[in-house]
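# Working through the structure, step by step
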2 protein chains.
Amino acid sequence: MGKYSLVTGCFAGALGLAVVLGLVFAFATTPWRNGRNVDEEELLALEDFEDYLMRQVDPQSIRQFLRSLTHLPHLGGTVEEHRMSALISDTWHQQGMDEVHMVPYEVLLSYPSKEVPNLVRLVDQDGAATWVSAAKQKPLYSPEEAIPDVPFTFNGYAAPGNVTGDVVYVNYGRAQDFEKLSEEGIDLEGKIVLARYGKIFRANIAQTAEDLGAVGLVLFSDPSDYAPEGPEFVYPHSYFLPPSAAPFGTVKLVDGDPLTPFYPATQSAFHIPMAEAPIPTIPVQPISYEDAWQILSRLGGAPAPEEWQGGLNITYHLGPGFSQPGWKLNLDVNNNNTHTTTYNVIGVIKGSVEPDRYVLLGNHIDAWIFGGLDPNSGTAAMLELSRVFTKLVKEKGWRPRRSLVFCAWGAEEYGLVGSLEWTEQFGKQLADRAVAYLNVDMAIEGNYTLRTKSAPLLYQVIYESAKKIPNPDPEETKAGRLTVYDTWALRKPDPVESNTPLMQFIGSGSDYKGFQHNLGIPCMDTRYTYSNRTLGEPQYHTLYETFALVDEIYDRGFHFHKAVTDLWGFVALRLSEPEILPFSLGAYATFISRASANILEKYGDLIASQNITMDYFTAAVQKFNLSTIDFKKSIEKLDLKNPLAVRRVNDQLMMVERAFIDTRGLPGRPDYNHIVTAPSKNDAYSGTAFAGLSDTLFALQETPDDLRPDLWVTFSRHLAAVTHALETASKVLTDDLW
Amino acid sequence: MGKYSLVTGCFAGALGLAVVLGLVFAFATTPWRNGRNVDEEELLALEDFEDYLMRQVDPQSIRQFLRSLTHLPHLGGTVEEHRMSALISDTWHQQGMDEVHMVPYEVLLSYPSKEVPNLVRLVDQDGAATWVSAAKQKPLYSPEEAIPDVPFTFNGYAAPGNVTGDVVYVNYGRAQDFEKLSEEGIDLEGKIVLARYGKIFRANIAQTAEDLGAVGLVLFSDPSDYAPEGPEFVYPHSYFLPPSAAPFGTVKLVDGDPLTPFYPATQSAFHIPMAEAPIPTIPVQPISYEDAWQILSRLGGAPAPEEWQGGLNITYHLGPGFSQPGWKLNLDVNNNNTHTTTYNVIGVIKGSVEPDRYVLLGNHIDAWIFGGLDPNSGTAAMLELSRVFTKLVKEKGWRPRRSLVFCAWGAEEYGLVGSLEWTEQFGKQLADRAVAYLNVDMAIEGNYTLRTKSAPLLYQVIYESAKKIPNPDPEETKAGRLTVYDTWALRKPDPVESNTPLMQFIGSGSDYKGFQHNLGIPCMDTRYTYSNRTLGEPQYHTLYETFALVDEIYDRGFHFHKAVTDLWGFVALRLSEPEILPFSLGAYATFISRASANILEKYGDLIASQNITMDYFTAAVQKFNLSTIDFKKSIEKLDLKNPLAVRRVNDQLMMVERAFIDTRGLPGRPDYNHIVTAPSKNDAYSGTAFAGLSDTLFALQETPDDLRPDLWVTFSRHLAAVTHALETASKVLTDDLW
């Protein structure tokens, strides 16, 4: 390692980069810095920490971590996940964390039978099986793909059951797809539904299929969506999806342990009866696209619409039923819902000045199979980052101003189980003390560009950090785009602000959910991602998410991993070190103003037709805007030498995101509390600002006249709650109490 | 005024009195004390502030305030209440508060007609009225009793209506009273119910009567309960209830504005339809006991049981109906439910060191008529206390360490409307910043002894303060009981700890409800009270609660007022000044241990019969106990010179009460969130620890077998929530995060 320099009088420099939307990063020293009276000469500036981090984060070390994490399948709640938790705990102990905790939860998870595979069968008119789907995905390249530990193919929480029926092809299983079928006069009652993955969360497809009376659901990934270069140019020759891949995934809609809603799954928890658990009652099963061909190529009924056609070399038909008279599909699912224990591992580097303020970093432990990308590219990054931070503590006597809390979550793949139970258990403390939660579910799922979901409060910290991270892509560097930020701005630009990278809504789909949407703690989720040639990272949740996929295809040399690790560390430093929290109030105000303008533009006439005034809402939006400007002015006069004055201002900043939490939940969605950033109801992956308003307005358009009055009441009621939250957000930024 | 002394090196003395259940009051100075670097010599100790207060609080000044507050009736939401709010606001401005805010709410209140009185009539077999009740209470003594501004007698939120029917006498209208009638075969369907005030909240009587099919309710105060010395020895000759008194009061069960549940009644609020408002659908009317005699003396049916007999010189019968054939009672109520505005007035003395930590003091503005005791004895005390504190600021340059926030609430008599809407509007800020809320609804309602309801966390501060307040009762002083504490300990002793005054549960019934039971901010409610010769202060809510009642009967010289004012100020100082919050963790642990033991003793066998384990619950109780001991040890090592370390510990202390808040509410009671201190369901005035558990267990005993399983589920579910809250309360007291 290079020597790092002790810097005197560096604060002006630090201040230069620290102007964040008008908020000043305050590095001026006080007698309390680092918890002891020190001379200014001894202090390091943020830039020195960043330099240290950049020098120390080692691609080869990340590679080693990833190798050690991906030998065996490690589903949530299994012995293998527990071994992985212990490995992480041991690593953190050895690295020298101040505290390491293993936090257990007794939860309901779901597994395929170890003896009897889940199968899909074509059955002829005599009831004889003429074709059977693959029990497991075919080993193609890495030796571990062939080990017996690989589980039978399944979807988490799919109900066990053996059903036989006619098949209907439902495209992506979206609301509009089911509507189309209804228009065609195709009834799903008693049918088995065949849907392709990729546009919406699979649990939504299962829910709709069940609601429409279907008796089973079969899912596959279409080659047009995941293997656009044809069947030859797939894993292990490229990162595209091979014909034998059948992606796993949960089909439970509600997050956390399904038996302990709203409360932690501790020993003393109350469990709702299994019959009330929010999990499907119908069997659901993923199959490969070579197996889907067996079904689709025999399907009867009318040809599917042009846009429903996929990449298999046949004309897709809608069904119901097969062209061969009397043939049926048999779906045989042998999953078990099992009470088991999953562990979170929590490692803490205590803050020197404000140990009771937490900057949290998290990633999950469990994988559907080997987890080469999801989640262990992120786990490897986290272990490397903790290695470097603890080294800084040990070797340099450094401590962050605020505590850094590293979180390895159990059973994320089952619907954020470990993290959600934890935010339920420690929600009061976290709402009081947490500054931000920084999630890296996967460090990479491609090498095309950074993609970041974030609460607006963290925008500027992330942008400024990304501007300092060298571009890991040599082609891009050659083209003059020297930083992660540059490629991001080019390949994922903001549609409104040109030359600025797109910040995506912090919707749902990973462990930040409890933090952002239940507790109001600003969250980030970042990774390197794939290009838009596919609907998702092709090997996602398949057998082929191996170490080799990462090491030989996506990230030779692990430079993309390093870039994400560096970025994660920079963001953590910029939240843990400055005296004044560098929250982007202006970005939040802009975000909210745009979202409110969108709603008025899209639905203003509809709302006006009901004589419902939006005036209070728009006034509250403007007031929030003004309050952020006033706040900026007020802290210019702040005495940074007064630690309690600094704390007061930081507490006000922390309260902004909390102000948007409505403990009573969104309309019909008691498990979502954030009135601004909650994801839209119809697709748990995407995010729409003011989802409670926009979802209700969307639903109103689709609702028959006689049912509308109730929905308008829902809208008006929620509009008042949203307005109240906006007013609170303005008020918490002032010293005036009320 | 006497000169107060500047004290050097007084901290050892202050520490002597500051040991609070093992928690150290920390008066050691730091450079941050009073927000500026000062020399220790300049500082005053707590005792000096107390001396100043004691010298400055002036009985004659309190008397003048009370006189100015009690000239006119000032019902919530009226012009007269608004004038009173303006008077308080002006006074605080003149006194020199840092901030004074008028905070309006648009709410639904209830008034009698100005033209048509509410009347109860005896109607003979031909439908002719043979007797009519008094429209107003009779003027007896003070000139203002005769002014036309006095409203017609009514109960707040009683439904308008004109009903005629047979009367049934229901004693105090408790559950057991209605059961007794049911056993006697008396059906209430279509009947008018006659109940006496005094044992339970009147709104509970109305609710039960309505539920049982009664068409109206008439309420009176029985002379055996409020005039035990006979009809001659009553107001204005004594403080006992005169025959013409008809106490007002709300019959709405749910607190706050009935049309905006859970959200503040601001301009942008959503209003539920009037039909869904939680107010009675039957007419309810209070009458005097001379009018009640007219009904009771004519009642037919069987004689009422011995314990149901009252102080009128007749045998009370049950009814239904009158002894005269064909006679009926006619109840004619002409109230209006009215949308109107009520104002809170908030005055702030900003803290020097921690302006964002609030010690709140409150009392309400509105009175049913003149409010001589309720609330203006408290208002007069509050205005005197604010006068003295602001004088200290102006004359001595003193500021409290934490902000003192004075709150004058609107429309309390209508069910805590102003304070509840305010805690709904500013709940996030208050939960984050409020140290305690100190309520004095009335300074006096008698001169017998202090009576205090309190959260356990405030016990020791109150005890220690009461020990320093000279006894205002010369008789008691002569008997050697020199302090308020001494008489309190004698006349209201704790049944378990002899020689210690009783601390009553902080149930409900005044403006602390939102603070204690929704937000988890520890509350006190204190006053001088009456002896146990009556069921309540006799003139409570009647015309005769005049200035004269206070000035000539209860508190000649206003020494009892001064004692309560001093106590209030002392408690406020002891919460605003010390570096470490002097919260009685040990008292809370004891309180909880006793309550859990009570439940196990009373219901242990019943619970065990269901194979429900109480082990986790009792373990959590013990853990909380231990955590308070560990906490005590840990703060002994605290560096009091480190302001952020002090703040961290105080934040942990503040979190204890918050830990007991369950945002999901108690079983069937979404408007009560505190799992320990919520009042029992059947009587909103009393308090039972763990009411969610004990109410459910009580109900189980009364429930038929087939309905029990659901209640056991309710019990188990809530038991888990309670256990989780207890575990959280232990955890918030540690530096260990989880």
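Residues numbered from 1 in each chain as written. Chains lettered and ligands numbered in written order. Predicted model: local features only at pLDDT ≥ 70, side-chain atom pairs only at ≥ 80, totals over all residues. Heavy atoms only, no water.

### Looking at the overall build of chain A
When helices and strands are tallied, chain A shows 22 helices and 20 strands. Here the C-alpha radius of gyration of chain A, 26 Å, is about what a compact globule of 738 residues would show, namely 27 Å. For chain A, the residues scored as buried account for 65% of the 738 residues in total. When contacts within chain A are restricted to residue pairs at least 6 apart in sequence, those whose partners lie at least 24 apart make up 79%. Of the accessible surface of chain A, which amounts to about 24500 Å², a share of 51% is contributed by carbon and sulfur atoms. Of the charged side chains in chain A, 61 are positive and 91 negative; the average position of the first set lies 5 Å away from that of the second. (Helix = DSSP H or I, 4+ residues; strand = E, 2+ residues; numbered from the N terminus. Rg over C-alpha atoms; globule rule 2.2 N^0.38 Å. Buried < 20%, exposed > 50% of the residue type's maximum accessible area, 1.4 Å probe, protein only. Contact = heavy atoms within 4.5 Å. Areas by Shrake-Rupley, 256 points an atom, 1.4 Å probe, with all protein chains shown as cover. Lys, Arg positive; Asp, Glu negative; His and termini not counted. Charge placed at Lys NZ, Arg CZ, Asp CG, Glu CD.)

### Focus: unusual backbone geometry
The peptide bond linking D374 of chain A to P375 of chain A adopts the cis configuration, its omega dihedral lying at 15°. Relative to the helices and strands, P375 of chain A resides in the loop between β15 (354-364) and α9 (376-396). Residue P236 of chain B follows Y235 of chain B across a cis peptide bond; omega there is 5°. With respect to the secondary-structure elements, P236 of chain B resides in the loop between α7 (223-226) and β10 (284-286). Notably, Y157 of chain A is not glycine yet its phi reads approximately 75°, a positive angle. Inspection of the secondary structure assignment puts Y157 of chain A in the loop between β6 (155-156) and β7 (161-165). One non-glycine residue, N499 of chain A, lies in the positive phi region at around 70°. Within the secondary structure, N499 of chain A is located in the loop between α14 (484-491) and β19 (503-504).

### Quick look at the domain arrangement of chain A
Residues and elements named next belong to chain A. In terms of domains, chain A is made up of domain 1 (58-109 + 342-576), domain 2 (118-333) and domain 3 (585-731). On the side of domain 3, 26 residues touch domain 1, which itself brings 33 residues to the contact. Put simply, domain 1 and domain 3 have four salt bridges between them. Ionic pairing is found between E354 and R647, a salt bridge with its closest N-O pair at 2.9 Å. (Domains from an automatic or database assignment. Salt bridge = Lys/Arg side-chain N within 4 Å of Asp/Glu carboxyl O.)

### Focus: the interface of chain B and chain A
At the interface, 64 residues of chain B touch 64 residues of chain A. Summed over both sides, the interface between chain B and chain A buries roughly 5700 Å², with carbon and sulfur atoms accounting for 62% of that surface. If you look at where chain B meets chain A, you find two salt bridges. In this structure, R647 of chain B and D651 of chain A form a salt bridge, with 3.4 Å as the shortest nitrogen-oxygen distance. (Buried area = accessible area lost by both parts, 1.4 Å probe.)

### Description of the sheet that holds β15 of chain A
Residues and elements named next belong to chain A. Spatially, β3-β14-β16-β15-β17-β20-β18-β19 is the arrangement adopted by the eight strands of the open sheet, whose pairing is mixed. Since the sheet does not close on itself, it has two edges, and those belong to β3 (99-111) and β19, each with one partner. Bridge count between strand β18 (residues 449-454) and strand β20 (residues 523-529): six bridges; the pairing is antiparallel. Of the residues in β20, the one forming a bridge with S454 is M524. This element, helix α4 (residues 79-95), spans β3, β14 (336-349) and β16 (402-409) of the sheet and lies at about 5° to β14. (Pairing = 2+ DSSP bridges. Axes fitted to C-alpha atoms, helices over the stretch in contact; angles between N-to-C directions.)

### A look at the pairing of strand β3 (residues 99-111) of chain B
Residue and element names in this part refer to chain B. Counting buried residues in β3 gives 10 out of 13 residues, a clear majority hidden from the surface. Both β3 and strand β12 (residues 336-349) contribute to a ladder of 13 bridges, which runs antiparallel. Along β12, the bridge assignment pairs V103 with N344.

### Re the sheet that holds strand β10 (residues 216-220) of chain A
Residues and elements named next belong to chain A. Strand order across the open sheet formed by four strands is β8-β9-β10-β12, with parallel pairing between neighbours. The open sheet has two free edges, formed respectively by β8 (167-169) and β12 (284-286), since each of these has just one partner strand. Strand-to-strand twist across the sheet, computed as the mean angle between neighbouring axes with direction ignored, equals 20°. In the packing of helix α6 (residues 202-211) onto the sheet, the strands contacted are β9 (192-196), β10 and β12, and the crossing angle to β10 comes to about 150°. Across the face of the sheet, helix α8 (residues 289-296) comes into contact with β8, β9 and β10 while running at roughly 125° to β10.

### Some words on the confidence of the model for chain A
Residue and element names in this part refer to chain A. Of the residues in chain A, 93% reach a pLDDT of 70 or more, and the chain-wide mean stands at 92. Counted against residues more than four places away or in other chains, residues 1-43, with its pLDDT under 50, gives 94 contacts. Across the interface, the model reports ipTM at 0.92; the global pTM reads 0.93. (pLDDT = per-residue confidence, 0-100.)

### Brief notes about empty space enclosed by the protein
Summed over the entire model, instances satisfying the criterion amount to 10 cavities of 30 Å³ or more. Approximately 70 Å³ is the volume attributed to the largest cavity. R648, Q652, T734, D735 and L737 of chain A together with V348, K350, P355, D356, Y358, S403 and R433 of chain B together form the lining of the largest cavity. When residues in the lining of the largest cavity are grouped by element, the largest group, three residues, is from strand β13 (residues 354-364) of chain B. Residue composition of the lining of the largest cavity, by class: four nonpolar, three polar and five charged. Here the second largest cavity defines a volume of roughly 60 Å³. The wall of the second largest cavity is formed by S133, A134, K136, Q137, T153, S244, A246, Q285, P286, I287, S288 and D291 of chain B. (1 Å grid on protein atoms, 1.4 Å probe; cavity = no way out; pocket = protein on both sides within 12 Å on 5 of 7 lines; lining within 4 Å. Points joined across faces, edges and corners; volume = space filled by probe spheres on them. Nonpolar A, V, L, I, M, F, W, Y, C, P; charged D, E, K, R; others polar.)

### Describing the relation of the copies chain B and chain A
Rotating chain B by 180° and translating it 0.0 Å along the rotation axis places it on chain A, where the RMSD comes to 0.0 Å. In short, the pair behaves as if placed about a two-fold rotation axis. A share of 100% of the interface residues of chain B reappears at the interface of chain A, consistent with the copies meeting face to face through the same patch. (Least-squares fit on C-alpha atoms with pLDDT ≥ 70 in both.)

### So, the side chain of S85 of chain A
Its place among the elements puts S85 of chain A in helix α4. Residues contacting S85 of chain A, with those up to four places away along its chain left out, are M102, Y343, V345 and I365 of chain A.

### Points about the packing of aromatic side chains
Taken as a whole and judged by the stated rule, the model has 72 aromatic pairs over all chains. With a centroid separation of 6.4 Å and an interplanar angle of 25°, the aromatic rings of F547 of chain A and F558 of chain A are classed as stacked. With a gap of 11 residues between them, F547 of chain A in helix α16 (residues 547-554) and F558 of chain A in the loop between α16 and α17 (559-576) connect regions that are remote in the sequence. Residue classification places F547 of chain A among the buried residues on the basis of a relative accessible area of 6%. The buried category is assigned to F558 of chain A, whose relative accessible area is 0%. An aromatic cluster is present here, built from Y111, F154, Y157, F248, W368 and Y414 of chain A joined pairwise through their rings. Between the NZ or CZ atom of R669 of chain B and the centre of the ring of Y672 of chain B, over which it lies, the distance is 4.6 Å. (Phe/Tyr/Trp six-rings, centres within 6.5 Å; stacked < 30°, edge-to-face > 60°. Lys NZ or Arg CZ within 6 Å of the ring centre and 35° of its normal.)

### Some remarks on the packing of helix α3 (residues 59-69) of chain B against helix α16 (residues 547-554) of chain B
Helices that pack against each other are described as a pair by the angle of their axes relative to one another and the distance between those axes. All names here are of chain B. Contact geometry of α3 with α16 gives a least axis separation of 9 Å together with a crossing angle of 150°. Here α3 is positioned roughly antiparallel relative to α16, judged by the angle of their axes. Facing R63, L66 and R67 of α3, the residues of α16 in contact are F547, V550 and D551. Classifying every residue of the contact of α3 with α16 gives three nonpolar, no polar and three charged. (Parallel < 35°, antiparallel > 145°, perpendicular 65-115°, else oblique.)

### As for the state of the cysteines
Residue and element names in this part refer to chain A. The final tally for this structure, using the stated rule, is zero disulfides over all chains. You can see C523 has no disulfide; the closest cysteine sulfur is in C407, sitting 11 Å from it. Here C523 falls in the buried class, since its relative accessible area comes to 0%. (Disulfide = S-S within 2.5 Å.)

### So, α16 of chain B
All names here are of chain B. With six of its eight residues buried, α16 lies for the most part within the structure. All buried positions along α16 are accounted for by F547, A548, L549, V550, D551 and Y554. Along its buried surface, α16 packs onto α3 and α17 (559-576).

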